[in-house]
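Residue-level structure breakdown
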Amino acid sequence: MFQRHSELLGECMEKLHKAKVFVAGAGGLGCTVLSLLTRTGIGSLYFADSAFVDEPDLNRQILYDRDSLGKKKVEEALVKLKRINPSCDFLAIEGTIDDSFTLPDVDVVVDCLDNFKSKFVLDELCQRKSTPLVHAGVEGYTGQATTIVYGKNPALRDLFRGVKDHKIRQVFPPLVVLMASVQATEVIKLICGMKDSLVGEILLVDLLRNTFERVRII
């Protein structure tokens, strides 16, 4: 299944096959990130969520369908991902990201959570292990993404100091897929040592106005 893109990624494919990635959240961002990394050939994928599939999720959470309603997201995602790439080593964790959560030993962590309280906990867990964190957030037609390598650029808590959680309005489904695609690309860049990543920068996207802006944060 990897033949068509193996030439594009070249020697990177071997690194991807050996890599371990943890995805926090199996909702909108998480579904697309997991799907893309599975299809790309990541060797081991770990992911966590505690929610059940609800009907409003179906407009942006691409691993689920109407047969998934009422079922645990991690269980449904695991079934779908194994069908895509049965050779990948998956670990589905049913649980929330809090102070008691044990972060797996991985090469990269992907923040696909939907609130800053949990995002900051994940940030702290990654900082303790010096594990790179690929962040994204979405609301309405706007989103942001950045890659944090601790010691090189500010932690997520420092970058979004003072931000408060509020009830998220509806999110434009194509924006979710776009920002998750950026995250998956950042994961690949980190694993393969590619240049021009979002380390030290934040990407700001507004699909309503079709604007894409990269801002230095260090």
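Data block above holds the structure.
Note that the coordinates shown come from a computational prediction; the quantities given were computed from them, not determined experimentally.

**Re the nonpolar core**
Generally speaking, nonpolar side chains in soluble globular proteins are found buried as a group. Counting residues in each nonpolar core, the largest one holds 47 residues, and the members touching the most others are Leu16, Val21, Val23, Leu37, Leu45 and Phe47. Per element, the largest residue contribution to this core is 10 residues, and it comes from helix H7 (residues 173-192). In this view, phenylalanine 47 contacts Phe22, Val23, Ala26, Leu34, Val74, Ala77, Leu78, Leu81, Phe90, Leu91, Ala92 and Ile93; residues no more than four positions away in its chain are not counted. Grouped together as the second largest cluster of nonpolar side chains are 24 residues, Ile97, Phe116, Leu122 and Ile217 included.

**Considering the pairing of strand S6 (residues 142-148)**
Of all 7 residues making up S6, 6 are buried, and the element is well covered by its neighbours. Taken together, strand S5 (residues 133-139) and the strand that follows it, S6, pair antiparallel across an intervening segment of 2 residues, in which glycine 140 is found at a positive phi of about 60 degrees. In the sheet, S6 pairs with strand S7 (residues 201-206) via 5 bridges, with the strands oriented antiparallel. The residue bridging glycine 143 from the neighbouring strand is valine 205, located in S7.

**Brief notes about helix H3 (residues 28-40)**
In this model H3 runs 19 Å from its N-terminal to its C-terminal C-alpha over 13 residues, within 8% of the 18 Å that 1.5 Å per residue would give. Every buried residue belonging to H3 is among Gly28, Leu29, Gly30, Cys31, Thr32, Val33, Leu34, Ser35, Leu37, Thr38 and Thr40, and all of these are buried. At the exit of H3 stands glycine 41, carrying a positive phi of roughly 110 degrees.

**As for the side chain of glutamate 201**
For glutamate 201, the location among the structural elements is in strand S7. In terms of polar contacts, glutamate 201 uses its side chain to reach the side chain of arginine 214, at 2.5 Å. At a separation of 3.4 Å, a polar atom in the side chain of glutamate 201 contacts the side chain of arginine 216. Those residues in contact with glutamate 201 that sit more than four places away from it in its chain are Ala145, Thr146, Thr147, Arg214, Val215, Arg216 and Ile217.

**Comments concerning the environment of lysine 164**
Locating lysine 164 in the fold gives a position in the loop between helix H6 (156-159) and H7. Residue lysine 164 is classed as exposed on the basis of its relative accessible area, which comes to 69%. For lysine 164 and lysine 117, which are 47 residues apart along the polypeptide, the C-alpha to C-alpha distance reads 8.3 Å.

**Topic: the packing of aromatic side chains**
Aromatic rings considered in pairs are described by the distance between their centres and by the relative angle of their planes. Under the defined criterion, the tally for this structure stands at 4 aromatic pairs. The interplanar angle of 50 degrees and the centroid separation of 5.1 Å between the aromatic rings of phenylalanine 116 and phenylalanine 160 together place this pair among those described as tilted. Of this pair, phenylalanine 116 sits in helix H5 (residues 116-129) while phenylalanine 160 sits in the loop between H6 and H7, and the two are 44 residues apart along the sequence. With relative accessibility at 15%, the residue phenylalanine 116 sits in the buried group. With centroids separated by 4.9 Å and ring planes inclined at 40 degrees, the aromatic side chains of tyrosine 141 and phenylalanine 172 adopt a geometry described as tilted. Taken as a pair, tyrosine 141 in the loop between S5 and S6 and phenylalanine 172 in the loop between H6 and H7 lie far apart in primary sequence, 31 residues in all. Owing to a relative accessible area of 32%, phenylalanine 172 belongs among the partly exposed residues under this scheme.

**Here's the deal with the state of the cysteines**
In this structure the tally under the stated criterion is 1 disulfide. Disulfide pairing places cysteine 12 opposite cysteine 192 at an S-S distance of 1.4 Å. Disulfide cysteine 12-cysteine 192: the torsion about the S-S bond is 40 degrees, which places it as right-handed. Remark: cysteine 192 occurs in helix H7 and cysteine 12 occurs in helix H2 (residues 12-18); sequence separation between them is 180 residues. Each member of the pair, cysteine 12 as well as cysteine 192, is classed as buried. Counting only cysteine sulfurs, cysteine 31 is the nearest neighbor of cysteine 112, a cysteine outside any disulfide, at a range of 9.2 Å. A relative accessible area of 7% means that cysteine 112 is categorised as buried. We note that cysteine 126 lacks a disulfide partner, and the nearest cysteine sulfur, in cysteine 112, lies 12 Å from it.

What counts and what doesn't
- Residues numbered from 1 in each chain as written.
- Predicted model: local features only at pLDDT ≥ 70, side-chain atom pairs only at ≥ 80, totals over all residues.
- Heavy atoms only, no water.
- Core = buried A, V, L, I, M, F, W, Y, C linked by side-chain atoms within 4.5 Å.
- Buried < 20%, exposed > 50% of the residue type's maximum accessible area, 1.4 Å probe, protein only.
- Helix = DSSP H or I, 4+ residues; strand = E, 2+ residues; numbered from the N terminus.
- Contact = heavy atoms within 4.5 Å.
- Pairing = 2+ DSSP bridges.
- Expected span 1.5 Å × (residues − 1).
- Polar contact = N/O pair within 3.5 Å; in protein donor to acceptor, adjacent residues only side chain to side chain.
- Phe/Tyr/Trp six-rings, centres within 6.5 Å; stacked < 30°, edge-to-face > 60°.
- Disulfide = S-S within 2.5 Å.

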